[in-house]
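Residue-level structure breakdown
So the chains spell out like this:
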Amino acid sequence: MGASNQFDDTLTQLGTGKWNLLLIASIMYWTLQIPCISLGGSFLAPQVDHSCLLPEGAIPLLTNHSNTTQVSPCEYLMMGEDGSEEIRPCTRWIFDNSTFYSTLTSEFELVCDYKSLRPTYTSIYFIGACLSSSISGWLSDKYGRKRIMAIGTITYAVVGNCLSWLPNMSAILVFRFIVGLMHPTSLQTAYTIVIETTEPRLRSVMGIMIFLPWTISVMTWGAMGYLFRDWRWLMIVSTVPSLLFLPTLWFLDESPRWLIVQGQHDRAMKVLEKAARWNKATLPPRDQLLTMMKNIASENSKASTGMKSEGFVSFLRTFVGEFTVLLRTRKMRARTLAIYFIYLTSGLVFLGLSLGGEGFGSNPFIYMALSGLVEIPGATVTVPMIQYLGRRLSNIICLLMTGISLLALAIVPLNIGWLVMTLAMIGKMAISAAYQIIYLHSSELFPTEVRDRGLGTSAMRTVWVSAPSVVCGVTGLLAAGVTLMLPETKNTALLDTVVALEETSSLSRKRNASSSPLHVNTEEKIPLA
C-alpha cells in the first residue's frame, strides 16, 4: 500500500501538463469514432417496410394476423395450368424508401427467410467484443497497454473503413465481427492508460469526462443518419476520421505504472523523465524512484512465486492461473463477482435502451440524438456527484433511478408516446451515468497487475439481449443492492498488486478487531474494504 501511495505522490508531482493532455485528447478523439460502428445497426440495418414484387400472373397471398387481414410479404399464389393454387416464396421485394434511401436491409434483402441477418448484424459486433474482452485484458496486462491499444486501434480503423466497400453480406458480417473484437482491445486499454497516468486529484474527473466524446458522437450519429440516408455513404463519412488518430500512436508512451509492476524500471524511468520535461515538473531523486519501483515489483513477484516453471503442464498451469487470478483469493473474488453482476445488469439496460428506438415506436434519428443528449449529464453532472458522495453511493442512486423508471415504463401504455419517451430517456440518462461510474470504480478496485483483465472480463458480461423493461428495471434495482458490497475508492491510492489488496484486507480486519470495545470476533463480518 505504501509503494502505491508513493507512486500516486509521484504523479501528483508530475501534475497535469502537455504529456497528459496529449494522451487524454488522443483517447477522447478515439472515443468519438466508436459509436458510429457499434450502434450502426439502427441506421444501417433497420427494419424497413416491404412488399413482395409479384411476378407476372401471380396473386397476392392474404394472411390473418390478430384478426387483421394482410398481404403476405414473403409468399404469393400462382395459378397452375389445371386451375389449382400453389404457394410460392417471394424472391424479390419492393422496399419503402421514405425514411432510408438505401440500407443493408434493402440492398441485400434481409427479409423473410433472411430476416435473422438483420439483428445478426448488430449482435455479431457485441459477440466479438464479448469474446475479445477477457483476452485483450490479459494481453494488455501481460504485454503492455500501448502495444495492445495500437493493435486494436489500427485494426479497428482499417477494417472499419473497409466495411462500406464490401460486396456481400457474408463479408460484411465477418469484418464487423473483427471490428467488434477490436472494440475492447482499443477502448478499454486506452481508458486504463488514462487512469494509470492521471494524478489522483483529477483521476475521478478524467475517469468520467473521458466518456463525454461518446455522448457527443451518439448525438452526431443521429444527425449523420438523417443527412446521409445511403448506408455506404454514411459508413464512409463516419469511419474515415478514425484514420486521423493513428499518427498519434507514435507520440504516446506506455503506462509507467504497468512498466514498474513488470519490473521494467529503466523504461519506466525514461517515461517519467519525459513526462517531467513535457509538464515542466520536478521528479523525486532517481534512487528514491528506483526504491519505490523495486517495492512495487517485489509485491508482484510474491504473487507470481511458484507459477513459473518449465514443461507443457506447468505452462498450462501458469496460463490457467493467470486467468483465474481474479477469483483465487477471498478479497479479489468478492470484488470481482460483485463487479461482474453490476456490469451484466448495466449492460443489459444500457445497450437495450441505446438500440431500442424501434421498440418504442419513435423516429430513429430523434431517438438516437436524444439518447446521446441524455447521456451528457452522465459525463458531466456525475463528476461533482462522485467527488462529494463517492463512487458507491452515486452508483446506487443512479441504478435506483434506472430501475424505478423502467418499472414505470412497463405499466405505461405505448400509445402515450411522450410519457414512454420520457421514461425511456430518464432510464437512459441514469444508466449511462451508472455505467460510467462503475467503469471508474472498477478501474480503481482492480490492482494494476490485473486491471485490464478485470475490466475485460467484466465487459464480457455486457451483452445485448432484448428484454422487457420490467426485467431491466428489476435487475437495475438488484445491481444497486450489490453495489453496497463494494468498498468506496474516493481519495484512495490505486493498488498495484493482488498481494497489496489482500494485505489491506488483513489490516482492515485487525483494525476493526482492535477497535471493538467488546472485542467481539469479527471474522463473520469481514468488510470488503
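Since the structure is predicted, the reported quantities are computational estimates derived from the model, not experimental observations.

What follows deals with the state of the cysteines. Under the criterion given, the structure shown has two disulfides. Each sulfur in the disulfide pair Cys52 and Cys90 lies 2.1 Å from the other. Taking the torsion about the sulfur-sulfur bond, which here is approximately 105°, the covalent link between Cys52 and Cys90 counts as right-handed. On the criterion of sequence distance, the pair formed by Cys52 in strand 1 (residues 50–52) and Cys90 in the loop between strand 4 (85–89) and strand 5 (93–95) is long-range, its members being 38 residues apart. Across this residue pair, the class does not change: Cys52 and Cys90 are buried.

This next bit is on the environment of Leu44. Along the polypeptide, Leu44 turns up in helix 4 (residues 41–44). Along the backbone, Leu44 and Gly225 are 181 residues apart, and their C-alpha atoms lie at a distance of 8.8 Å. Residues in contact with Leu44, not counting those within four places in the same chain, are Thr103, Leu104, Thr105, Tyr121, Trp231, Leu234 and Met235.

Turning to the pattern of salt bridges, a few remarks are in order. Going through the model one piece at a time under the given rule, you end up with twelve salt bridges. Here Arg286 ties to Glu273 by a salt bridge, and the two come within 3.1 Å at their closest N and O atoms. In this pair, Arg286 sits in helix 14 (residues 286–304) while Glu273 sits in helix 13 (residues 265–279), placing the two residues 13 residues apart along the sequence. For Arg286, a relative accessible area of 44% gives the class partly exposed. For Glu273, a relative accessible area of 32% translates into the label partly exposed.

Here the focus is helix 2 (residues 18–32). Over its 15 residues, helix 2 runs 21 Å from end to end, which matches the ideal 21 Å to within 8%, given 1.5 Å per residue. Of the residues making up helix 2, those classed as buried are Trp19, Asn20, Leu23, Ile24, Ser26, Ile27, Trp30 and Thr31. Buried residues of helix 2, seen end-on, are gathered within an arc of 165° and therefore sit on one face of the element.

If you walk through the whole model with that rule in mind, you get 15 aromatic pairs. Ring centres of Phe43 and Phe100 lie 6.4 Å apart, and the angle between their planes is 40°; on these two criteria the pair is classed as tilted. With a gap of 57 residues between them, Phe43 in helix 4 and Phe100 in the loop between strand 5 and helix 5 (104–107) connect regions that are remote in the sequence. We classify Phe43 as buried; its relative accessible area is 2%. For Phe100, a relative accessible area of 8% translates into the label buried. Centroid distance Tyr125 to Phe126: 5.4 Å. Interplanar angle 75°. Geometry classified as edge-to-face. Summarising the burial analysis for this pair, Tyr125 and Phe126 share the class buried.

Glancing now at the confidence of the model for the protein. Overall, the predicted model of the protein reaches an average pLDDT of 81, with 82% of residues at or above 70. Note that pLDDT drops below 50 for residues 511–529; the model gives that stretch 21 contacts with residues more than four away or on any other chain.

Attention now goes to unusual backbone geometry. One non-glycine residue, Cys112, lies in positive phi territory at about 55°. Turning to its location among the elements, Cys112 is positioned in the loop between helix 5 and helix 6 (117–143). Phi at Lys280 takes a positive value of approximately 55°, unusual for a residue other than glycine. The topology assignment puts Lys280 in the loop between helix 13 and helix 14.

What counts as what
- Residues numbered from 1 in each chain as written.
- Predicted model: local features only at pLDDT ≥ 70, side-chain atom pairs only at ≥ 80, totals over all residues.
- Heavy atoms only, no water.
- Disulfide = S-S within 2.5 Å.
- Helix = DSSP H or I, 4+ residues; strand = E, 2+ residues; numbered from the N terminus.
- Buried < 20%, exposed > 50% of the residue type's maximum accessible area, 1.4 Å probe, protein only.
- Contact = heavy atoms within 4.5 Å.
- Salt bridge = Lys/Arg side-chain N within 4 Å of Asp/Glu carboxyl O.
- Expected span 1.5 Å × (residues − 1).
- Arc of directions from axis to C-beta.
- Phe/Tyr/Trp six-rings, centres within 6.5 Å; stacked < 30°, edge-to-face > 60°.
- pLDDT = per-residue confidence, 0-100.

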